[in-house]
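Structural features, examined
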Amino acid sequence: MINIQKITTDTCWIGASDRRLAKFENIFPLSGGVSYNSYIIADEKTAVLDTADVTIAEQYVENLAAALKGRSLDYLIILHMEPDHCSQIARVASLYPGLTLVGNVKTFQMLGNFFPELSGLPRITVKEGDTLSLGAHTIKFTMAPMVHWPEVMLAYDMLTGALFTADAFGTFGSLDGSIFADQCDFEARYLNEARRYYANIVGKYGVQVQNVLKKLKTLDVRFICPLHGPVWREDLDWFIDKYQKWSTQTPEDDGIVVIYGSLYGHTASAAETAAAMIAEKSGKQVRVYDASKTDASELIGEIWRVKKVVIFSPTYNNGVYLPIANLLHDLAALDVKNRIFAIGQNGSWAPTAAKGMTEILGTLKNCTVLENVVTIKSALHEADLPMLEAFAQAVAEA
Ligand code: FEO
């Protein structure tokens, strides 16, 4: 069934949502689905900006044909070559002979890797500041390398003020009815998912995102059109401010996150008791997560939100319990910065989890690990409570 949505009189969204995919990139759980956005500008010349994932291919080509209304497709502008957006390039090329591909040098290197059979297609290679005229619309290109792949570029429509941002400003979550952020209660429906998407997919590349935000300030942007999630046409500054915070790893609020791993509940009990004491002593909102139940990508999204993170781990194989170790290695891989960590450990005969956690956390830039470490032996006892009180006080005051 055709589903096309107008952004301006001649610019349309022609993407679709996948509500069946279990894991994005086969890693990140998708409880609320995901959308793959593609856009068309139907001027004197017709241009599509990116294709879509193979899982929505049938809907996509149907939408594209309907949007073209029998016209030919002149340009396919490729902003990003990751397969969730490039999978239909060969199919679109076969459906619309005469198509010219538009990309940069790196785009076409990747195109050759994914689709060597397309090497003979007409192409226009663009670089920073180059323009492409479609008639009334002129598209200006700006490079956005490593947001989050090297070939990524943005396209700015000088007529409408639409900025096509590739994965930047994207979010997990299907599009439900309206494609516009101002019509979908973004804060309630998408904000956590947008943060999770940013932190896990783009989070490592904050400097590169900062470069994009600087370029954005030089443009009169009236629409932000990402490759995933809602299109922005109101309150753009609100979302840009989120990106400013996320890309500089500036905490959004003063809440505290407590994360624990626990085999039989004893480490959980210590973490829950510590969380209650921290809430009471700090007066801040505390959220508690079991690392074996909550996916690491959600924990990373939460760590991106707050300044203080408390982590409790049992000792396991003379080291850190696997779900916690996995989370810590992910934090290091994503280059997490500017956080205060407090840690607790459990060990029935030789507690070593804190040592292992400190070693990994010690590699993070501009992060502090509080010296006050909680150690329990097997289970939490009344005699441990003064130690937990002191720990909670240190977290509250940090
Ligand atoms: Fe949505 Fe980097 O692909």
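The model shown is predicted, which means the values in this text are computed figures rather than measured ones. (Residues numbered from 1 in each chain as written. Predicted model: local features only at pLDDT ≥ 70, side-chain atom pairs only at ≥ 80, totals over all residues. Heavy atoms only, no water.)

Some remarks on the sheet that holds strand E2 (residues 11-13)
With mixed pairing, the seven strands of this open sheet are ordered in space as E1-E2-E7-E8-E9-E10-E11. The sheet is open, and its two edges are formed by strand E1 (5-8) and strand E11 (123-125), each paired on a single side. Going from strand to strand, the sheet's axes swing by 25 degrees on average, the running direction of each strand aside. The sheet contact formed by strand E10 (residues 100-103) and E11 spans three bridges and is parallel. Across the sheet, Gly103 pairs through a bridge with Thr125, a residue of E11. (Pairing = 2+ DSSP bridges. Helix = DSSP H or I, 4+ residues; strand = E, 2+ residues; numbered from the N terminus. Axes fitted to C-alpha atoms, helices over the stretch in contact; angles between N-to-C directions.)

Quick look at the nonpolar core
One finds Leu64, Ile89, Phe141 and Ile259 to be the most contacted residues of the largest nonpolar core, which totals 120 residues. Per-element accounting of this core gives the leading share, seven residues, to helix H6 (residues 191-202). Built from parts of two domains, this core gets at least three residues from each of domain 1 (5-248) and domain 2 (256-397). If we ignore the near neighbours within four places in the chain, the residues touching Ile89 are Thr51, Leu76, Ile78, Met81, Leu101, Leu111, Phe115 and Leu118. Core analysis: the second largest hydrophobic core is formed by 21 residues, Ala274, Ile278, Ile340 and Phe391 among them. (Core = buried A, V, L, I, M, F, W, Y, C linked by side-chain atoms within 4.5 Å. Buried < 20%, exposed > 50% of the residue type's maximum accessible area, 1.4 Å probe, protein only. Domains from an automatic or database assignment. Contact = heavy atoms within 4.5 Å.)

A look at the pattern of salt bridges
Where side chains of opposite charge bring their charged atoms close, a pairing between them can arise. Inspection of the entire model under this criterion finds 19 salt bridges. Two residues, Lys215 and Glu128, come together in a salt bridge whose shortest N-O distance is 3.1 Å. Here the residue Lys215 occupies a position in helix H7 (residues 206-216), and Glu128 occupies one in the loop between E11 and strand E12 (131-133), the gap between them amounting to 87 residues. Judged by relative accessible area, which is 27%, Lys215 ranks as partly exposed. As a salt-bridge pair, Glu302 and Arg287 come within 3.3 Å of each other at their nearest N and O atoms. A residue pair is termed long-range when its members are at least 10 positions apart, and Glu302 in helix H10 (residues 296-305) and Arg287 in strand E18 (residues 286-290) qualify at 15 residues. On the basis of relative accessible area, Arg287 is assigned to the partly exposed category, the value being 29%. One network of salt bridges, in which partners are shared, links Asp253, Arg287, Glu302 and Arg305. (Salt bridge = Lys/Arg side-chain N within 4 Å of Asp/Glu carboxyl O.)

Here we look at the sheet that holds strand E14 (residues 153-157)
The strand order across the open sheet formed by five strands is E12-E13-E14-E15-E16, and the pairing between neighbours is mixed. Of all strands in the sheet, those with a lone pairing partner are E12 and strand E16 (223-225), marking the two edges. Adjacent strand axes in the sheet meet at a mean angle of 20 degrees, parallel and antiparallel pairs treated alike. Taken together, the two bridges between E14 and strand E15 (residues 162-164) define a ladder with antiparallel strand orientation.

Focus on unusual backbone geometry
Omega for the peptide link from Val147 to His148 comes to 5 degrees, which places this bond in the cis form. Phi angles above zero are rare outside glycine, and Asn26 is one such case at about 60 degrees. Here Asn26 lies in the loop between strand E4 (23-24) and strand E5 (28-29). With a phi close to 50 degrees, Lys69 is a non-glycine residue in the positive phi region. Along the chain, the position of Lys69 falls in the loop between helix H1 (57-68) and strand E9 (75-77).

Things to note about the packing of aromatic side chains
Tallied over the entire structure, the rule returns 23 aromatic pairs. Taking NZ or CZ as reference, Arg233 lies 3.7 Å from the ring centre of Phe180, over its face. (Phe/Tyr/Trp six-rings, centres within 6.5 Å; stacked < 30°, edge-to-face > 60°. Lys NZ or Arg CZ within 6 Å of the ring centre and 35° of its normal.)

A few points about the domain arrangement of the protein
Domain annotation of the protein identifies domain 1 (5-248) and domain 2 (256-397). Between domain 1 and domain 2 lies a buried interface of about 1000 Å² when both sides are counted; carbon and sulfur atoms form 53% of it. Three residues, Arg195, Asn200 and Lys204, lead the burial of domain 1 against domain 2; their summed loss comes to 43% of the area buried on that side. Linking domain 1 with domain 2 are zero salt bridges, by the criterion used here. In this structure, the connection of domain 1 to domain 2 is made through five residue pairs in polar contact (both at pLDDT 80 or more). Looking at the side of domain 1 that touches domain 2, the elements with two or more residues in it are E5 and H6. Among the elements that line the side of domain 1 that touches domain 2, the one with the most residues is H6, at five residues. Across the side of domain 1 that touches domain 2, the residue classes tally to five nonpolar, three polar and three charged. (Buried area = accessible area lost by both parts, 1.4 Å probe. Polar contact = N/O pair within 3.5 Å; in protein donor to acceptor, adjacent residues only side chain to side chain. Nonpolar A, V, L, I, M, F, W, Y, C, P; charged D, E, K, R; others polar.)

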